[in-house]
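# Structural characterization, general
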Amino acid sequence: MRKRIAIIAHGGAGGLNYPRRRKSGLNKAVKAGYEILRQGGSSLDAVEAAAIILEDTKIFNAGTGSYFNLTGDVEMDASVMTSELNFGAVGIIRDVRNPISVARMVMEKTDHLLLCGENAIKFARFMGMGYHDPKTKEKEHIWRRKKAKCESNYFKKIGDFTDLYGTIGAVAIDQHGLVAVATSSGGINLRLPGRVGDTPVIGAGTYADRHGGASATGHGEQIMRHLIALRAVTFMAKMPAKQAGKKTIDYATKFGCRCGIIGLNKKGEVLCINNTKAMSWCYIKNGRLRSF
Ligand code: GLY
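What you are looking at is a predicted structure, and each value in this text was computed from that prediction instead of being measured. (Residues numbered from 1 in each chain as written. Predicted model: local features only at pLDDT ≥ 70, side-chain atom pairs only at ≥ 80, totals over all residues. Heavy atoms only, no water.)

The next point concerns the site of the ligand. Gly-166, Thr-167, Ser-185, Gly-187, Ile-188, Arg-195, Gly-197, Asp-198, Gly-218 and Gly-220 make up every residue found near the ligand. Between the ligand and Thr-167, the relevant distance is 3.3 Å, taken from a nitrogen atom to a side-chain nitrogen or oxygen of the residue. One nitrogen or oxygen atom from the side chain of Asp-198 is found 2.7 Å from a nitrogen atom belonging to the ligand. Relative to its unbound accessible area of 200 Å², the ligand is 100% covered by the protein chains. (Near = heavy atom within 4 Å. Polar contact = N/O pair within 3.5 Å; in protein donor to acceptor, adjacent residues only side chain to side chain. Areas by Shrake-Rupley, 256 points an atom, 1.4 Å probe, with all protein chains shown as cover.)

Here is the structure:
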């Protein structure tokens, strides 16, 4: 077994419904990613594989099972980044099964970093991704219940009505010491159509550089304001990962940013911390699996 390889994944910093399915989805995701690393594969392949499993699990707020926006559509965000500063993202993409793979294609097949909306969908189709409806009955039910409480059809302040958020994310380090991060989200329930969260914003939901990588989950607007993933990686450059996590979460808490963060530094040390009610996570390091 290679010494430094490791992978960590999270299933969001919102609620902890379906704890068993959450745990088994996360275990399956990190095991799939770890197997790629163990066989000498890249951290990018590992985090994409883990994220795809989480996007397909249906209980997380990413891919199939994403929360609905105010008008009942599912608009998703996703991004990938490597420690070589390669980055790709999609914002408010609809009708695809795995936004994380489209984000990777933006990184590898275009000259750009971020594609949004209709043209992100066109790009996905051009790259061979077929139509997929990511709506689930369960999330539709939540949407109907929450929507019934809204007074207007198009309100200004989302904070009064939105209380459900979540994201999935994965960070891995491969045998060459390259770190990759993948983050994918259905955003916040009842958000305004067209709202882009922190997930596809470089430094906010996702960041990696030669010191390590981090993926954030939680309240997107606050995470963007405080560039939480970048902050975590910047702290990891100066101190052990655990301490960097504590510093980042203390900073977030001070400014009222409700979030969770996972990360790995270049030595493969784990960062995993949150200031929300709950966060589901799982990692494999030195061949040993640990989960929430
Ligand atoms: N962190 C997910 C979002 O706010 O969009």
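From this point on, the discussion continues.
Bringing the pattern of salt bridges into the picture now. A side chain with one charge can pair with a side chain of the opposite charge if their charged atoms come near. If you walk through the whole model with that rule in mind, you get 10 salt bridges. Glu-140 is the salt-bridge partner of Arg-144, the closest N and O atoms lying 2.8 Å from each other. Here the residue Arg-144 and the residue Glu-140 both occupy positions in helix 5 (residues 137-147), the gap between them amounting to 4 residues, near one helical turn. One salt bridge in this structure joins Asp-250 and Lys-246, with 2.8 Å as the shortest N-O distance. Separated by 4 residues within a single helix, Asp-250 and Lys-246 lie in helix 8 (residues 241-254), roughly one turn from each other. Within the structure, one salt-bridge network assembled from shared partners comprises Asp-45, Glu-48, Arg-104 and Glu-108. (Salt bridge = Lys/Arg side-chain N within 4 Å of Asp/Glu carboxyl O. Helix = DSSP H or I, 4+ residues; strand = E, 2+ residues; numbered from the N terminus.)

Another aspect to go through is helix 5. For helix 5, the set of buried residues is Lys-139, Ile-142, Trp-143 and Lys-146. The buried side chains of helix 5 occupy one side of the element, clustering within an arc of 100 degrees when seen end-on. Exposed and facing more than 90 degrees away from the buried side of helix 5 are Lys-137, His-141 and Arg-144. (Buried < 20%, exposed > 50% of the residue type's maximum accessible area, 1.4 Å probe, protein only. Arc of directions from axis to C-beta.)

Further remarks concern the UniProt feature "active site" (unreviewed entry) in the chain. Mapped onto this numbering, the UniProt entry annotates "active site" (unreviewed entry) at Thr-167. Within the fold, Thr-167 resides in the loop between helix 5 and strand 5 (168-173). For Thr-167, a relative accessible area of 1% puts it in the buried group. (UniProt positions renumbered as here; feature names shortened; annotations may be inferred.)

Next up on the list: the UniProt feature "binding site: substrate" (unreviewed entry) in the chain. The feature "binding site: substrate" (unreviewed entry), as given by UniProt, occupies Arg-195, Val-196, Gly-197, Asp-198, Thr-217, Gly-218, His-219 and Gly-220 in the numbering adopted here. Its location among the elements puts Val-196 in the loop between strand 6 (179-185) and strand 7 (206-209). With residues up to four places along the chain from it excluded, the contact list for Val-196 reads Asp-77, Ile-92 and Met-224. Tracing the backbone through its elements, the reader meets Gly-218 in strand 8 (residues 212-218). Assessed through its relative accessible area of 4%, Gly-218 is described here as buried. (Contact = heavy atoms within 4.5 Å.)

Relative orientation of the contacting elements helix 3 (residues 99-109) and helix 4 (residues 117-126) amounts to 85 degrees, with a least axis distance of 10 Å. With respect to helix 4, the axis of helix 3 lies roughly perpendicular. Contacts between helix 3 and helix 4 involve Val-102, Met-105 and Val-106 on the former and, on the latter, Ala-120, Phe-123 and Ala-124. Along the lines of polarity and charge, the residues of the contact of helix 3 with helix 4 split into 6 nonpolar, no polar and no charged. (Axes fitted to C-alpha atoms, helices over the stretch in contact; angles between N-to-C directions. Parallel < 35°, antiparallel > 145°, perpendicular 65-115°, else oblique. Nonpolar A, V, L, I, M, F, W, Y, C, P; charged D, E, K, R; others polar.)

The next subject is helix 7 (residues 228-236). For helix 7, the set of buried residues is Ile-228, Ala-229, Ala-232, Val-233, Phe-235 and Met-236. Looking straight down helix 7, one finds its buried side chains confined to an arc of 160 degrees; they lie on one side. Of the surrounding secondary structure, the elements contacted by the buried residues of helix 7 are strand 7, strand 8, helix 6 (220-226), helix 8, strand 9 (259-265) and strand 10 (270-274).

Extensive coverage of strand 6 is indicated by the burial of 7 of its 7 residues. In the sheet, strand 2 (residues 76-82) pairs with strand 6 via 6 bridges, with the strands oriented antiparallel. By the bridge assignment, Val-80 is partnered in strand 6 with Ala-182. Taken together, the 6 bridges between strand 5 and strand 6 define a ladder with antiparallel strand orientation. What sits directly across from Ala-170, in strand 6, is Ala-182. Adjacent in sequence and paired antiparallel, strand 5 and strand 6 are bridged by 5 residues, among which Gly-177 carries a positive phi angle near 85 degrees. (Pairing = 2+ DSSP bridges.)

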